[in-house]
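# Architecture and fold: a report
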Amino acid sequence: MNHQLILFCGPSGSGKTTVVHSLLEKFPQFIFSVSATTRPQRINEKDGVDYYFLSEEEFREKIKKEEFLEWEEVYPGRFYGTLKEEVNRKLEQGHIVLFDVDVKGGLSVKKYFGKQVMDVFIMPPSLTVLKQRLEARESETQESLEKRLAKSGLELSFADQFSYIIVNDELQKTIREAELLVNDFINRKPA
Ligand code: 5GP
């Protein structure tokens, strides 16, 4: 069976989550791969919809049982992972699965599913803009903001390992570009 998976990566604050949400609204055949995480739930997030919020103990148990397709300690003490069961179930239901994962996790998903994946890197126009976007988020504490910024330089250095890069200098333009790319991908004839 030839499945289709679409991966959006990029540093925190690049806008990838907004792009993913907009695509999920526009394309009814798309479904989100809900990751597991140990980070605290934000006020606007739902358990099982945005993430499966787990304790570190629960997360470590799943690592031990090899339930993750990939997992990363994205920030010190904060674990995030893609559940095999989550992705396989959604693919078997016939959906096209969308991922919003960090850069290393994205490269693992790419390796795991090979040609079935379309991978896009969402690039902030500059580190200054990235910092402003993260500061504007009310959910970040000074500490989490600093952890995110500290990681972004490294993440940007991975951009050239992705098949497509979109510079998110204007959100509506970025969304239109993403729509064109995914349209092309989903209408591509299997090789
Ligand atoms: P946030 O805390 O802002 O929701 O996410 C922080 C970072 O973790 C983002 O770059 C997000 O894409 C990434 N992330 C979310 N889920 C996963 C996952 O399952 N695996 C990996 N490796 N990263 C993830």
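Bear in mind the structure is a predicted one, so any value in this text is a computation, not a measurement.

### Brief notes about the overall build of the protein chain
- Of regular secondary structure, the protein chain possesses 7 helices and 9 strands.
- Here the C-alpha coordinates of the protein chain stretch approximately 45 × 40 × 30 Å along the principal axes.
- When burial is assessed residue by residue, the protein chain has 48% of its 191 residues classed as buried.
- Sequence separation of 24 or more characterises 68% of the internal contacts of the protein chain that already satisfy a separation of 6 or more.
- Carbon and sulfur atoms make up 51% of the accessible area of the protein chain, which totals about 10300 Å².
- Charge separation in the protein chain, taken as the distance between the mean sites of 27 positive and 31 negative side-chain charges, equals 3 Å.

### Structural notes on the sheet that holds strand β4 (residues 51-53)
- Judged by pairing direction, the sheet is mixed, and its 4 strands sit side by side in the order β4-β3-β6-β5 without closing on themselves. The sheet is open, and its two borders are formed by β4 and β5 (68-75), each paired with just one other strand. Geometrically, the sheet is characterised by an average inter-axis angle of 25° between neighbouring strands, direction not taken into account.
- The pairing of strand β3 (residues 35-37) with β4 spans 3 bridges and is parallel. Looking across to β4, one finds that S35 is bridged to Y51.
- Contacting β3, β5 and β6 (78-83), helix α2 (residues 56-64) runs over the sheet at an angle of about 45° to β6.

### Notes on the side chain of E45
- Locating E45 in the fold gives a position in the loop between β3 and β4.
- Overall, the relative accessible area of 11% leaves E45 in the buried class.
- A polar contact of 2.8 Å, which involves the side chain of E45, links it to the side chain of R39.
- Apart from the residues lying within four places of it in its own chain, the contact partners of E45 are R39, P40, D50, Y51 and F53.

### Some words on the packing of aromatic side chains
- A full pass over the atoms with the stated rule returns 10 aromatic pairs.
- Taken together, a centroid distance of 5.6 Å and an interplanar angle of 40° make the contact between F59 and F79 tilted. In this pair, F59 is assigned in helix α2 and F79 in strand β6, connecting sequence segments 20 residues apart. Accessibility assignment for this pair places F59 and F79 in one class, buried.
- Ring geometry for F121 and F162: centres 5.4 Å apart, planes at 50°, overall tilted. Pair noted here: F121 is in strand β8 (residues 117-123) and F162 is in the loop between α6 (142-156) and β9 (164-167), with a separation of 41 residues, a long-range link.

Cut-offs applied
Residues numbered from 1 in each chain as written. Predicted model: local features only at pLDDT ≥ 70, side-chain atom pairs only at ≥ 80, totals over all residues. Heavy atoms only, no water. Helix = DSSP H or I, 4+ residues; strand = E, 2+ residues; numbered from the N terminus. Buried < 20%, exposed > 50% of the residue type's maximum accessible area, 1.4 Å probe, protein only. Contact = heavy atoms within 4.5 Å. Areas by Shrake-Rupley, 256 points an atom, 1.4 Å probe, with all protein chains shown as cover. Lys, Arg positive; Asp, Glu negative; His and termini not counted. Charge placed at Lys NZ, Arg CZ, Asp CG, Glu CD. Pairing = 2+ DSSP bridges. Axes fitted to C-alpha atoms, helices over the stretch in contact; angles between N-to-C directions. Polar contact = N/O pair within 3.5 Å; in protein donor to acceptor, adjacent residues only side chain to side chain. Phe/Tyr/Trp six-rings, centres within 6.5 Å; stacked < 30°, edge-to-face > 60°.

Purely geometric numbers; function is a separate question.
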